[in-house]
Amino acid sequence: MAVPVAFFALFFAYPVTAIVGRGLKVGGDWQFARIGEVLSRPDILGVLWFTTWQALASTALTLLIALPGAYVLARFDFPGKQLLRAVVTVPFVLPTVVVGTAFLALLGRGGLLDELWGVRLDTTVWAILLAHVFFNYAVVVRTVGGLWSQLDPRQEEAARVLGAGRFAAFRRVTLPALTPAVAAAALMVFLFTFTSFGVVQILGGPAYSTLEVEIYRQTAQLLDLPTAAVLTLVQFAAVGGILAVHAATVRRRERALKLVDPAQTSRRPRGAGPWALLGGVLLTALLLILLPLGVLVERSFDGPGGYGFGYYQALQSVGAGGSSTFLVPPLEAVGNSLRYALVATLIALAVGGLAAAALTRRAGRLVRGFDALLMLPLGVSAVTVGFGFLITLDEPPLDLRTSWILVPLAQALVGVPFVVRTMLPVLRAVDDRLREAAAVLGASPLRAWREVDLPLVRRAVLVAAGFAFAVSLGEFGATVFIARPDNPTLPVAVARLLGRSGELNYGQAMALSTILMLVCAVSLLLLERIRTDRSGEF
């Protein structure tokens, strides 16, 4: 546990504590009265209210739309099932900047709806809710569907034989078994939407602001650190509560259910109803997932002189069309992002692998608390972490403010939880007697790990690396503060282009978003090919 604890203490707890302390301290004294002052302001209360209700609405809408997809992928066997599974998972690994850009191309000014019917939904709450459903659809499908595929269907069939109708059998037998998984998925969706930043920043406009967006505005634009510090504490407390409830839900799920092989529960659809349900899920995937991404790609080729590669070619030069958005050609952001993401993946694998090993070998309250700590970077303000990096890591021996390693370190913070969550179940499944037998035969602990554990967890390591690479590639909240102007990442480059007026900047943003989407999609498809057959959730 030493290395993971040191990593999180130095690159997570220290920056966050420092930025909060700088906001709440005056002359070395804590000014806790500021918390009440900030939380009593009408504008802050409005931000808190909007953050909460849009997260609740996004969660409810996601469950409503995604649960049929979870059922189809869990119970039906049909051609193209693996492709559909990969397609619905693509949005989850896409950077929020790409998601916002895709829906901007669909719903915004000059978008598809604007051209066809003169309807614009950008700067409305509907655009935010739809983008959140798009982003979190896979969370429900993979989490609930993974469990649903392993529930023994004979229990529901027995209820039907005893006279229960289809709905009554589902409500009394299947739904109680699924409730922990549904609750876990709902909590994760609520967490992601409660801390939403890129989507709201791009689609919401000045009228809508979540806690994360407000922290960014107070920090970067208004330089009001006291308000930002209070909002960070509020978000920290809310995320801690959500993660505590999520942990309790997962523990209940693990000990309450008896599962079967998913191959025993899947069948071909029979009858008009199942085929109609399958068709509805396919139509949902087409309209909700493929249409925004397709419009994004189409806009990247639709130049002033007709379709072509004009926007992509403009990415190779600085100041194309009179733009001074970048000090280097925007296309260099592709290479920067790939290099940063590779280094961040290696860091995340090292730290997350050690953390997963520690959680496997030990038990107790301390280790369970450490497990919860590993999840905090997913919910605590990335904006606070990024700004905290700038004000804390600026003195020897850790004067990293001008170093390139700062970006991979920030990206690794969000990659570690995915590594732990992917590797932990597999490591726990390794029989301790295999390690003991290797030790009896004279193997050292390192050799036993290399020859016993590693062959069994190799696929899990590759899957963890894929997730860490994808989320590192798309990290935006912290990177927007620490990426140097001459070394921007892809999400930062897209945000800069969208922040400037002009058709050329808009087209280049679409082109860069398309490149970023393709890189993430390729990473996911490779991950799907190597993931274990029994992997039912993230």
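Everything discussed here concerns the structure shown above.
Just so it is clear, the structure is predicted and the values come from calculations on it, not from any experiment.

(A) Representation of the nonpolar core within the structure. In terms of nonpolar packing, the biggest core is built from 162 residues, with Phe7, Leu94 and Phe389 touching the most fellow members. The element contributing the most residues to this core is helix 7 (residues 125-148), with 16 residues. Residues within four places of Phe7 in sequence aside, it is in contact with Phe12, Ile347, Val351, Leu409, Ala412, Leu413 and Val416.

(B) A look at a nonpolar patch on the surface. Taken together, the side chains of Leu283, Leu286, Leu287, Leu290 and Leu291 define a hydrophobic patch exposed on the protein surface, amounting to about 430 Å² of accessible area. When you line up the elements, Leu283 lands in helix 13 (residues 272-301). According to the relative accessible area criterion, Leu283 is partly exposed, its value standing at 48%.

(C) Structural context of the pattern of salt bridges. Throughout the structure, instances matching the rule amount to 7 salt bridges. Residue Arg299 pairs with Glu298 through a salt bridge whose shortest N-O separation is 2.3 Å. A relative accessible area of 8% places Arg299 in the buried class. Note on Glu298: relative accessible area 24%, which makes it partly exposed.

(D) Quick peek at the packing of helix 19 (residues 432-440) against helix 20 (residues 445-474). In contact at an axis separation of 9 Å, helix 19 and helix 20 are set at 155° when each is read in the N-to-C sense. One finds that helix 19 runs roughly antiparallel with respect to helix 20. Helix 20 is crossed by helix 19, and the crossing has right-handed handedness. Between helix 19, through Leu434, Arg435 and Ala438, and helix 20, the contact on the second element is made entirely by Ala448, Val452, Asp453 and Leu456. Along the lines of polarity and charge, the residues of the contact of helix 19 with helix 20 split into 5 nonpolar, no polar and 2 charged.

Basis of the calculations
Residues numbered from 1 in each chain as written. Predicted model: local features only at pLDDT ≥ 70, side-chain atom pairs only at ≥ 80, totals over all residues. Heavy atoms only, no water. Core = buried A, V, L, I, M, F, W, Y, C linked by side-chain atoms within 4.5 Å. Buried < 20%, exposed > 50% of the residue type's maximum accessible area, 1.4 Å probe, protein only. Helix = DSSP H or I, 4+ residues; strand = E, 2+ residues; numbered from the N terminus. Contact = heavy atoms within 4.5 Å. Patch = residues over 30% accessible without salt bridge, like charges linked within 9 Å, V, L, I, M, F, W, Y side chains within 5 Å. Areas by Shrake-Rupley, 256 points an atom, 1.4 Å probe, with all protein chains shown as cover. Salt bridge = Lys/Arg side-chain N within 4 Å of Asp/Glu carboxyl O. Axes fitted to C-alpha atoms, helices over the stretch in contact; angles between N-to-C directions. Parallel < 35°, antiparallel > 145°, perpendicular 65-115°, else oblique. Left-handed = near helix turned anticlockwise from the far one by under 90°. Nonpolar A, V, L, I, M, F, W, Y, C, P; charged D, E, K, R; others polar.

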